[in-house]
Amino acid sequence: MSQVPGLAGGNEQQRRKILSGGEYNRICQFINGFHGLAIDCEFELRNRFFRDVEPMALTCILQSELFNRARGHHWKQDQRGKKLLKVYEEQKNLYDNALLIRMACVEALNPVALCRMLLQEKYKARHRSHISQLLRHPHLIDDPRLAANVQQCIISDNQEGSITDLRRRIMGEEYELKLKSLAKEAGIHFYDEQDLRRMGYDKTPDIKMILPFLYRGSVINWIESKANFGDTKAHKFNIQQQLQSYCNRFGPGIIIYWFGYHEETPSLPDNNIGITVLADFPAKEDLVFMKLAQEEFPAETLATKEDSSTGNQLLGEPFVAECPTKELKKVS
């Protein structure tokens, strides 16, 4: 597996991750005013106009804006499919294998989205799953010229398609590994998603602390990793879909947006249920851990008491050890 950005050493210039409302709006205006392919828009954002901003933050904002735009025009797809197929049939002999790419620029569509509309219109009798298969394996298309055009669209689209989906999935997994690596490095003991699912939990954070710790005075029970940019809309969606259930079940926790966030995201009233928003793993000096004083609880005694427990208590329920009442000692 390739090395996770941020784990490798180096003297790369630090790019800004936390964006003001004004700068975020300027980025969105640039995206919505850009005429051309999304992959070209991303290049301009990262290499010409916003070079001091975290590149992956720009990529994520672009993805979010284009997704919202496509969702707003979803109802037009059936009508556009007929038009796209007609244009393609009329001009396919006049251009090379980049005709669909040219059409995507003119129509302000992601190339793969354009291919999907065109193939749905061309193969109306086929099931949608068959269209998805053609997009994953263009060589199955019976028209060689169309197959070549679709292949060109797939490799030129940074927003949709099998290659893009694979890249995003790998990136998400790599940043989960980064979270676990940094947590172990900080001395945190935790359950991961697989551990929690074996215990019967359906909605699970990336890591759940075996023993909670303090972050700047707040109790932390879990950490969720997001290889994404945390704008206010996306963050509210994450609260609704995931974070609220984590807080209800496990208590307060942290969500890390590795590529940064909108400056208003951490102060949203929705976070008052116990959510802390960060752009990186918490600094070690801000963490306070709790552990039993060795001189007061010998290791042998603790092991004996632990072995005598039922072992099937639900995670999150307090474990009451049969030993004299002692205060826990804070160790920073």
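Please read these numbers as outputs of a predicted model, since none were measured by experiment. (Residues numbered from 1 in each chain as written. Predicted model: local features only at pLDDT ≥ 70, side-chain atom pairs only at ≥ 80, totals over all residues. Heavy atoms only, no water.)

1. With respect to the nonpolar core
In step 1: Counting residues in hydrophobic clusters, the biggest one holds 40 residues, and the most contacted among them are Leu45, Ile188, Phe213, Ile223 and Phe281.
In step 2: Counting only elements with at least two residues in this core, the list comes to helix H1 (21-33), helix H2 (38-49), helix H3 (55-72), helix H9 (162-185), strand E3 (207-215), strand E4 (218-226), strand E5 (253-257) and strand E8 (287-291).
In step 3: For this core, the leading source of residues is H3, giving seven residues.
In step 4: Mapping this core onto the domain boundaries places at least three of its residues in each of domain 1 (18-72) and domain 3 (165-289).
In step 5: Of all hydrophobic cores here, the second largest spans 26 residues; its members include Leu84, Leu109, Met117 and Leu118. (Core = buried A, V, L, I, M, F, W, Y, C linked by side-chain atoms within 4.5 Å. Buried < 20%, exposed > 50% of the residue type's maximum accessible area, 1.4 Å probe, protein only. Helix = DSSP H or I, 4+ residues; strand = E, 2+ residues; numbered from the N terminus. Domains from an automatic or database assignment.)

2. Focus: the packing of helix H5 (residues 99-107) against helix H6 (residues 111-122)
In step 1: At their nearest, the axes of H5 and H6 sit 9 Å apart, and the two run at 105° to each other. Taken together, H5 and H6 sit at an angle that is classed as roughly perpendicular. Taken together, the residues of H6 that come into contact with H5 (itself represented by Leu100, Ile101, Met103 and Ala104) are Pro111, Leu114, Cys115 and Leu118.
In step 2: Grouping the amino acids of the contact of H5 with H6 by side-chain chemistry returns eight nonpolar, no polar and no charged. (Axes fitted to C-alpha atoms, helices over the stretch in contact; angles between N-to-C directions. Parallel < 35°, antiparallel > 145°, perpendicular 65-115°, else oblique. Contact = heavy atoms within 4.5 Å. Nonpolar A, V, L, I, M, F, W, Y, C, P; charged D, E, K, R; others polar.)

3. Structural notes on the environment of Glu23
In step 1: With respect to the element layout, Glu23 can be found in helix H1.
In step 2: Each C-alpha atom of the pair Glu23 and Phe50 lies 9.5 Å from the other, and the pair is 27 residues apart in sequence.
In step 3: Those residues within four positions of Glu23 in sequence are excluded, and the remaining contacts are Arg16, Phe50, Asp52 and Val53.

4. Details of the side chain of Ser225
In step 1: Looking at the secondary structure, you find Ser225 in strand E4.
In step 2: By relative accessible area, Ser225 is classed as buried at 8%.
In step 3: For Ser225, the side chain forms a polar contact with the side chain of Trp258, separated by 2.7 Å.
In step 4: Leave out the neighbours within four places in its chain, and Ser225 touches Tyr175, Glu176, Leu179, Asp206, Ile256 and Trp258. (Polar contact = N/O pair within 3.5 Å; in protein donor to acceptor, adjacent residues only side chain to side chain.)

5. A few points about helix H8 (residues 144-155)
In step 1: In this model, H8 (twelve residues) spans 17 Å end to end at C-alpha, consistent with the 16 Å of a helix rising 1.5 Å per residue.
In step 2: Capping the start of H8, Asp143 holds a side-chain oxygen 3.1 Å from the backbone nitrogen of Arg145, two or three residues further along. (Expected span 1.5 Å × (residues − 1).)

6. Structural notes on the confidence of the model for the protein
In step 1: This prediction gives the protein a mean pLDDT of 82; 81% of its residues lie at or above 70.
In step 2: Taken element by element, the protein is modelled with least confidence in strand E9 (residues 329-331), mean pLDDT 43, and with most confidence in E5, mean pLDDT 97.
In step 3: Note that pLDDT drops below 50 for residues 299-332; the model gives that stretch 35 contacts with residues more than four away or on any other chain. (pLDDT = per-residue confidence, 0-100.)

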